[in-house]
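Residue-level structure breakdown
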Amino acid sequence: MMRKVMVKIGTFLVLGLFLAGCTAHLSPEDQAKLDAAVLKAADAATVSEQNAAESAKYAARTQEGAAKAADRAEAAAKRAEAAAAVAEASAAKAVKAYEMGLRK
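The text that follows walks through the structure, step by step, so that each part is easy to find. Sequence order sets the numbering: in each chain, residues are counted from 1 along the sequence as written. Given that this is a predicted model, residues contribute local features only at a pLDDT of at least 70 and side-chain atom pairs are listed and counted only at 80 or more, while totals for whole chains, interfaces and linings are drawn from all residues. For side-chain calculations, the full set of non-hydrogen atoms in the structure is used, while hydrogens and water are omitted.

Quick notes on the overall build of the chain
Put simply, the rule reads: Helix and strand labels come from DSSP, where a helix needs a run of H or I of at least four residues and a strand needs a run of E of at least two; each type is numbered from the N terminus. All accessible-area figures derive from a Shrake-Rupley calculation using a 1.4 Å probe, and residue coverage is judged against the displayed protein chains alone.
Of the regular secondary structure elements, the chain holds two helices and zero strands. About 8,600 Å² of surface is accessible on the chain, with carbon and sulfur atoms providing 66% of the total.

In structure tokens, the structure reads:
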């Protein structure tokens, strides 16, 4: 991603140099406008690169958060399964105790 942005910045700079060479007959004011436009485009590309980097960091944090949430959900499911097994064993003991109480 970062490489693409760097290629775009380089393209803008090369285009600016090319236009500067091809348009040597421009007035100083027009040349200044052209130079300013090329610099503005390079600045916009830099800002885009920074935004892309921030978005990548945010996506990584979001992915880490989702992984942690999945781990917590898995742990909760295991605890629920263990609680169900304990409840089942307790119910079996209660049934057995009840049956033994009926035999007396």
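Considering the pattern of salt bridges
Keep this limit in mind: Whenever a carboxyl oxygen of Asp or Glu lies within 4 Å of a side-chain nitrogen of Lys or Arg, that contact is scored as a salt bridge. Type-normalised accessible area, obtained with a 1.4 Å probe on protein chains alone, sets the label of each residue: buried when under 20%, exposed when over 50%, and partly exposed for intermediate values.
In the structure shown here, the tally under the stated rule is one salt bridge. A salt bridge links lysine 78 to glutamate 74; the nearest nitrogen and oxygen atoms lie 3.7 Å apart. Taken as a pair, lysine 78 and glutamate 74 lie in helix H2 (residues 28-103) at a separation of four residues, close to a single helical turn. Residue lysine 78 is classed as exposed on the basis of its relative accessible area of 54%. A relative accessible area of 44% means that glutamate 74 is categorised as partly exposed.

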